[in-house]
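These are the residues of each chain, in order.
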Amino acid sequence: MNTVHVCVAADGNYKLPLLCLVKSIALNSASHPCVIHVLFSGISNRCRRNLIAKYRDTNISFDFIDMSKYVFDFSGLDMQHWTRAIFYRMMIPEIFKNLDRILYIDCDTLVLSDLFDFFNTEFTADTDIAMVVDKFSWKSQIVKLKTKNYFNSGMILFDINKCRESEFSKKCVHWLHDNPKIATFPDQDAINVVC
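Figured I'd write up the structure that's included with this text. Sequence order as written defines the numbering, with residues in each chain counted from 1. The model is predicted, so local features are restricted to residues of pLDDT at least 70 and side-chain atom pairs to those at 80 or more, both for listing and for counting; the totals for chains, interfaces and linings are taken over all residues. Each side-chain value is derived from all of the structure's non-hydrogen atoms; neither hydrogens nor water enter the calculation.

Focus on the environment of Asp-108
Then, number 1: Here Asp-108 shows up in the loop between strand 4 (101-105) and helix 4 (116-119).
Then, number 2: Judged by relative accessible area, Asp-108 falls into the exposed class, the value being 54%.
Then, number 3: The spatial distance from the C-alpha of Asp-108 to the C-alpha of Glu-165 is 30 Å, given a sequence separation of 57 residues.
Then, number 4: Residue contacts are counted whenever heavy atoms from the two residues lie within 4.5 Å of one another. In contact with Asp-108, not counting residues within four places along its chain, are Tyr-14 and Pro-17. The numbering of helices and of strands both runs from the N terminus, where a helix is a DSSP run of H or I of at least 4 residues and a strand a run of E of at least 2. When a residue's accessible area, from a 1.4 Å probe over protein chains only, is under 20% of the maximum for its type it is buried; when over 50% it is exposed; and in between it is partly exposed.

What follows is the structure in structure tokens.
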């Protein structure tokens, strides 16, 4: 695939990290066209226009998707440390039905090399998504969630079709609704259990 599709989630509190992430992608991914799909809430029209203008003459283009139309039920979840933006990544397979794959990256990440090879990673027949092992909280979460591994959801390569076939988004939402008391890292825990 020639065009790299990157997805990020941001609200008004994450404008500066979003700008840093985009700049790091632009500095390191000049070899191929890159579309950055921004799942947003609370980011002004002015900020979005400025971002588009800044990268107009580069290989970077933008697709802004207003997430205010999506309703998320937080009942039972401890949301003191989280915003609704953490749930956007669980909905990616349903939002991007027109794509074969997409790379989700947290806004507080810096990209230090070209994303093209990683984006084009081959999936095995039984793989829906690719994630990195969480080296900090994996032991406690494996025990609590009764999983074999524990992965960080800050960077996820989605095979959209396989995720949709397996009802990934629906299963994540159902798990969260059924297990709010054990969801320490709500979206990440749900993704780990479902996968």
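Digging into the sheet that holds strand 4
Then, number 1: The criterion for strand pairing is that DSSP finds at least two bridges linking the strands in question. Read across the sheet, 6 strands follow the order 3-2-1-4-6-5 without closing on themselves; strand pairing throughout is mixed. Edge positions in the sheet fall to strand 3 (60-66) and strand 5 (129-133), since each has one partner strand and no second. When the angles between neighbouring strand axes are averaged without regard to direction, this sheet yields 25°.
Then, number 2: Inspection of the sheet shows strand 5 paired to strand 6 (residues 151-159) by 4 bridges, in the antiparallel sense. The residue of strand 6 that forms the bridge with Val-132 is Asn-152. The axes used here are C-alpha line fits, helices contributing only the stretch in contact, and every angle between their N-to-C directions lies in the interval 0 to 180 degrees.

Looking at the pattern of salt bridges
Once their charged atoms are close, side chains differing in charge can pair, the charge on each being opposite to the other.
Then, number 1: Salt bridges are counted wherever a side-chain nitrogen of Lys or Arg sits within 4 Å of a carboxyl oxygen of Asp or Glu. Going through the model one piece at a time under the given rule, you end up with 3 salt bridges.
Then, number 2: Between Asp-106 and Arg-89 there is a salt bridge; the shortest N-O distance is 3.0 Å. On the criterion of sequence distance, the pair formed by Asp-106 in the loop between strand 4 and helix 4 and Arg-89 in the loop between strand 3 and helix 3 (92-95) is long-range, its members being 17 residues apart.
Then, number 3: Judged by relative accessible area, Arg-89 falls into the buried class, the value being 6%.
Then, number 4: The shortest N-O distance in the salt bridge between Glu-94 and Arg-164 comes to 3.7 Å. Separated by 70 residues along the polypeptide, Glu-94 in helix 3 and Arg-164 in helix 6 (residues 160-165) bring together distant segments of the chain.
Then, number 5: Glu-94 sits in the partly exposed class, given a relative accessible area of 30%.
Then, number 6: Since its relative accessible area comes to 33%, Arg-164 is described here as partly exposed.
Then, number 7: Among the ionic contacts, a cluster of salt bridges with common partners joins Arg-89, Asp-106 and Asp-187.

Regarding helix 2 (residues 45-54)
Then, number 1: Taken together, the buried positions of helix 2 are occupied by Cys-47, Arg-48 and Leu-51. Looking down the long axis of helix 2, one finds its buried residues gathered within 100° of arc, a one-sided arrangement. In helix 2, the exposed positions angled more than 90 degrees off the buried face are occupied by Arg-46 and Arg-49.
Then, number 2: Where helix 2 is buried, its residues meet helix 1 (15-28), strand 2 (34-41) and strand 3. Here the arc refers to the set of directions running from the helix axis out to each C-beta atom.

Some thoughts on the packing of aromatic side chains
Then, number 1: Here a Phe, Tyr or Trp ring, Trp counted by its six-membered ring, pairs with any other such ring whose centre lies within 6.5 Å, and the pair is stacked when the planes are under 30 degrees apart, edge-to-face when over 60, and tilted otherwise. Under the criterion given, the structure shown has 4 aromatic pairs.
Then, number 2: Relative to Phe-64, the ring of Phe-40 has its centre 6.2 Å away and its plane inclined at 80°; by these criteria the two rings are edge-to-face. A residue pair is termed long-range when its members are at least 10 positions apart, and Phe-40 in strand 2 and Phe-64 in strand 3 qualify at 24 residues.
Then, number 3: Both rings, one in Phe-158 and one in Phe-168, keep their centres 5.7 Å apart while their planes meet at 80°; by these two values the pair is edge-to-face. Of this pair, Phe-158 sits in strand 6 while Phe-168 sits in helix 7 (residues 168-178); the two residues are 10 residues apart in sequence, bridging distant segments of the chain. Accessibility classification places Phe-158 together with Phe-168 in one group, the buried group.
Then, number 4: By way of ring pairs, the aromatic residues Phe-40, Tyr-55, Phe-62 and Phe-64 are connected into one cluster.

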